Every structure is written in structure tokens, then in C-alpha cells.
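Residue-level structure breakdown
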Amino acid sequence: MRPARLPASRSIAVGLSHSPLIGKNDPAPEVLAAVEAAVDGARAFVRAFDPELVVLYAPDHYNGFFYKEMPPFCLATAANAVGDFGSAAGPLSVDGDAARALARGVLGRGVDLTVSARMTVDHGFVQPLEVLFGGIDRVPVVPVFVNGVATPLGPVSRIRALGTAVGEAAAELDRRVLFLGSGGLSHDPPVPVLDGAPPRVADALIEGHPPTPEQRARGEQRVVQAGRDYAAGSTAMIPINPNWDNLVLDTLASGRLSEVDGWSTEWMGEEGGGSAHEVRTWIAAFASLAATGEYRMTSRFYHAIPEWIAGFAVATAGPEGNR
């Protein structure tokens, strides 16, 4: 039975874009400096809060989840990083007890959550932990995969419901919790799609055959080259859309999260590109924060960075009463 009243909020939220091209195909120095200043601000915000647990919402790029079984979202009780694009490899410091408690709490609130006892994650999970904490084993974490690539995609309302349920369940842990969303914003990288894929590619997307080191290196180099082509304007990829990106940020800043329920998957893809659905991780994180009361966005940074094939954003938020 749920408690009649949830504990007072002891949580914050951070949204942070990621890109495998950071450090490999960088923008002008002044843009890098602006990004680093925004990230430094987020680090200071997190450090002052001193989280006892991080609930990390992130997508996958066909490194851990495949079409053989493709859940809309999945919580891990243990996770291991593959080390793609030079990111750290090895086990994340998953708090298994907290993960199992959150899973029970979410399922008890009527959200059909999948649970993995051995999740494989990639740079989408690793980058924010490296950026904010300096490594993948520095803070107890509960990883939550949110599908932002593999169609068909479910309604955004279910992602908001997931975030709300996680936020309510996390409040019952009575710990300082950081809800961290990784991905987006407008974003159309060269990610393979199942529909119309040649048999070899389709089989890899379905079965998830681990690539050889040589295959992984070739694939990563193709992404780097795609970023260079994108920045040079010689590409068919959907352009970064600052208007849409700022609409997303405006919606999150307003606290009117129910508005995302009207966002169709088709509209999101048309406006933000094939991987714009990574903003689902931000929606989940902010819905988790909103579950125990009103919040305010305490910082917000945005810059369109074609070299990283991303509308790049950093945002922080905390309970409305905190000043």
C-alpha cells in the first residue's frame, strides 16, 4: 500500500547531452569553453547536493538492446559498459538493493517495467558519469534504459509515467537522489534502422552479435566522418533544430510536463531527427523530480553543435523551495 503522503523532496535533476564525437570532432574553442563552463556549473550543483544515489536515464545505440527483445524501458540491478568510442569499460557501481526497491515501487504503481540483472550499456550511460563524477564507479547508481532509437516507439506519456513512478518510489528510500537524463536534443546521427536493412545488418540489429575490435573501430570512424561531413554541410541528415530544442527546454522549465503527452513520435522525429527521442531521458528525469513537488530550473545552457551532430544542452533543477 502506498503511503498517504510522500516524504519531502530530497532530489535534484540534471539533463546532459552526450555525443561520441566529443574530443574527436570538436567545435571552435569558444564553443568548447562555453560547454565546459556549463558543465562546470552542473558539477558544482551536483557536488553541493552530494547525492547518495543517482538514477540515470539513458538510451542505447545497439550495444546492449536489440530487436530480439526491445523493451521501451528497462531498469538494471547490475550493468557493464562496453567501452565504445573510448568511454570507460567495465562494471557500473549499481546499487542493487536500491534498484530492486525502485523496481518493486514502479511495478506497484502500475508501470510495466522490465528489469535486467546484467545490462550492457554504452557511452550514453558512461559519458554523464564520467563528466559529472569522473568515472563509472564513483557513486551508487541505478541505470534505467529508455529506448530512443528503435522503432516502433511508445507514447511519450508512458515515459512521463515511468519517471513519476520512479520519483515516487525513490522518495520512499529517504536518500538524496539525483535524477540524471542523458541524451539529445535534436539529433540525427547515422544510426542503422531495421526497416529495409540488408540481411547482414538486420541480423546484427536483431541478434546483437558483438563486433570485433576491427569492426567496432571501422564503425566508430564512420560516425566521426559523418560528423565532419555534417559540420561541412555535405550530408542528408536532418539539421539541428534550435527552435524545437528550446521548446523542449521551455516545456521542462515550465514544469507543465503533461504537455509532452501530446507529442507524437512522428512529430518528434520530423522536428528533431531520428534520435530526437533521446529527450525521453530528460522527460523521465524531470518527471521523477516533479513527483514529489514543484521544481525550478536553476541553470540552462544550449548550443547547436553540428560537429557533435547534436543540439547540445545542460540543465539543472531542484525543488521550488530551495534557493
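Scope of this entry: the structure provided in the associated data block. (Residues numbered from 1 in each chain as written. Predicted model: local features only at pLDDT ≥ 70, side-chain atom pairs only at ≥ 80, totals over all residues. Heavy atoms only, no water.)

1. Digging into helix H3 (residues 123-133)
For H3, a buried count of nine out of 11 residues is recorded, marking the element as mostly surrounded by other parts of the structure. What H3 keeps buried is the set His123, Gly124, Phe125, Val126, Gln127, Pro128, Leu129, Leu132 and Phe133. After H3 finishes, the residue Gly134 shows a positive phi value of roughly 85°. (Buried < 20%, exposed > 50% of the residue type's maximum accessible area, 1.4 Å probe, protein only. Helix = DSSP H or I, 4+ residues; strand = E, 2+ residues; numbered from the N terminus.)

2. Focus: the sheet that holds strand E1 (residues 11-16)
If you walk across this open sheet you meet the eight strands as E6-E3-E8-E2-E9-E1-E11-E10, and the pairing is mixed. Strands at the two margins of the open sheet, each flanked by one partner only, are strand E6 (114-116) and strand E10 (295-305). Each adjacent strand pair in this sheet contributes to an overall mean axis angle of 15°, direction not counted. Sheet analysis places strand E2 (residues 53-58) next to strand E9 (residues 177-182), joined by five bridges and oriented parallel. Looking at E9, one finds that Leu53 is bridged to Val177. (Pairing = 2+ DSSP bridges. Axes fitted to C-alpha atoms, helices over the stretch in contact; angles between N-to-C directions.)

3. What about empty space enclosed by the protein?
Think of a ball as big as a water molecule: rolled over the atoms, this probe shows where empty space is left. In total, this model carries two cavities of 30 Å³ or more according to the counting rule given. In this structure, the second largest cavity spans a volume of roughly 30 Å³. Asp60, Tyr62, Phe65, Met70, Phe145, Asn147, Val149 and Ala150 are the residues that line the second largest cavity. (1 Å grid on protein atoms, 1.4 Å probe; cavity = no way out; pocket = protein on both sides within 12 Å on 5 of 7 lines; lining within 4 Å. Points joined across faces, edges and corners; volume = space filled by probe spheres on them.)

4. Here we look at the sheet that holds strand E5 (residues 89-91)
The three strands lie next to each other as E5-E4-E7, forming an open sheet whose pairing is mixed. Across the chains shown, the open sheet's two edge strands, defined by having one partner strand only, are E5 and strand E7 (119-121). Each strand of the sheet is rotated relative to its neighbour by a mean of 20°, with strand direction disregarded. Inspection of the sheet shows strand E4 (residues 79-82) paired to E5 by three bridges, in the antiparallel sense. Bridge assignment links Asn80 to a residue of E5, and that residue is Pro91.

5. Regarding the pairing of strand E11 (residues 310-319)
Burial analysis of E11 places 10 of its 10 residues in the buried class, which makes it a mostly covered element. The sheet contact formed by E1 and E11 spans four bridges and is antiparallel. Paired with Leu16 across the strands is Val314, a residue of E11. Bridging between E10 and E11 involves 10 bridges; their strand directions are antiparallel. The partner of His303 across the bridge, within E11, is Phe312. Taking the residues that link successive antiparallel strands as the turn, the E10-E11 hairpin has four residues, and the phi of Ile309 there is positive, at about 50°.

Geometric values such as these leave the question of function open.
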